[in-house]
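Breakdown of the fold
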Amino acid sequence: MTDRASPASDTRESRKDMLFEFTRRRGARSPVTDAPTFRVRSLNEAAKSGHRKADLSHLIDRSYDYHSQRELRWHLAERLGLAPAALTLRETA
């Protein structure tokens, strides 16, 4: 028996360090935790030198009230079929 990982995990391992930029807009207070939340105004794949940013706002529900950047990263990772550790988010103004 080999220690080789499954093909699905190989794909996840090969696609590391995807960088996304998001712009937040104010959300409502959470009825459960009474903590402030935010909604995403826009989500873009971070630009590589000389390339335009790809608008990926359609990949998420922009009416959802996120409690944290971590929660947004997990939702995006799930949508893309990636491990959350493979994604990095950066907030922009």
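Given the structure is predicted, the values throughout are model-derived calculations rather than measurements. (Residues numbered from 1 in each chain as written. Predicted model: local features only at pLDDT ≥ 70, side-chain atom pairs only at ≥ 80, totals over all residues. Heavy atoms only, no water.)

Thoughts on the overall build of the protein
Selection rule: Only runs of H or I of at least four residues qualify as helices and only runs of E of at least two qualify as strands under DSSP, and these elements are numbered from the N terminus. Here the term buried applies to any residue with accessible area under 20% of the maximum for its type, exposed to any over 50%, and partly exposed to those in between, with areas from a 1.4 Å probe on protein chains only. Contacts: residue pairs with any heavy atoms within 4.5 Å of one another.
Within the protein, the regular secondary structure consists of 2 helices and 4 strands. Listed by position from the N terminus, the elements making up the protein come as α-β-β-β-α-β. Relative to its 93 residues, the protein shows a buried fraction of 29%. The long-range share in the protein, meaning contacts at least 24 apart out of those at least 6 apart in sequence, stands at 46%.

Some words on the pairing of strand β2 (residues 36–45)
The following threshold applies: Should DSSP find at least two bridges between two strands, the strands are regarded as paired.
Pairing geometry for strand β1 (residues 18–29) and β2, over 8 bridges, is antiparallel. Pairing of Arg25 across the sheet is with Arg39, part of β2. Between β1 and β2, which pair antiparallel in sequence order, lie 6 residues; one of them, Asp34, sits at a positive phi of approximately 60°. Bridging between β2 and strand β3 (residues 54–55) involves 2 bridges; their strand directions are antiparallel. Residue pairing in the sheet places Asn44 in a bridge with Asp55 of β3.

Regarding the packing of aromatic side chains
For clarity, the cut-off: Here the aromatic set is Phe, Tyr and Trp, taking the six-membered ring for Trp, and pairing holds for ring centres within 6.5 Å; pairs whose planes are under 30 degrees apart are stacked, those over 60 apart are edge-to-face, and all others are tilted. Look at NZ for Lys and CZ for Arg. If either is within 6 Å of the ring centre and within 35 degrees of the ring normal, a charge sits over the ring.
A complete count under the given rule lists 3 aromatic pairs for this structure. Of the aromatic side chains, those joined through ring pairs into one cluster are Phe22, Phe38, Tyr64 and Tyr66. Above the face of the Phe38 ring, Arg24 is positioned so that its terminal group lies 4.0 Å from the ring centre.

Let's talk about the sheet that holds β2
Cut-off, in case you're wondering: Between N-to-C directions, angles cover 0 to 180 degrees, with each direction set by a line fitted to C-alpha atoms, over the stretch in contact for helices.
Taken together, 4 strands build an open sheet; the order of strands is β3-β2-β1-β4 and the sheet is mixed. Both edges of this open sheet fall to β3 and β4 (87–92), since each of them pairs with a single strand only. Pairing of β1 with β4, which is carried by 6 bridges, proceeds in the parallel orientation. Within β4, the position partnered with Met18 by the bridge is Leu87. Sitting on the sheet, helix α2 (residues 69–80) is in contact with β1, β2 and β4, with an inclination near 130° to β4.

Focus: the pattern of salt bridges
For side chains bearing opposite charge, pairing can occur when the charged atoms are close. This is how the line gets drawn: By definition here, a salt bridge exists when the distance from a side-chain nitrogen of Lys or Arg to a carboxyl oxygen of Asp or Glu is within 4 Å.
Taken as a whole, this structure holds 4 salt bridges when the rule is applied. Its salt-bridge partner being Asp34, residue Arg29 comes within 3.2 Å of it at the nearest N-O pair. Between Arg39 and Asp65 there is a salt bridge, with its nearest N and O atoms 2.7 Å apart. A residue pair is termed long-range when its members are at least 10 positions apart, and Arg39 in strand β2 and Asp65 in the loop between β3 and α2 qualify at 26 residues. Accessibility expressed as a relative area gives 22% for Asp65, which makes it partly exposed.

Focus: the nonpolar core
Defined as follows: Residues grouped as a nonpolar core are buried Ala, Val, Leu, Ile, Met, Phe, Trp, Tyr and Cys residues, joined through side-chain atoms within 4.5 Å.
Formed by 16 residues in total, the largest nonpolar core has its most connected members in Phe20, Val40, Leu43 and Leu72. Within the residue set of this core, elements represented by two or more residues are β1, β2, α2 and β4. Apart from the residues within four sequence positions on either side, Val40 is in contact with Phe22, Thr23, Arg25, Ile60, Arg62, Tyr66 and Leu72.

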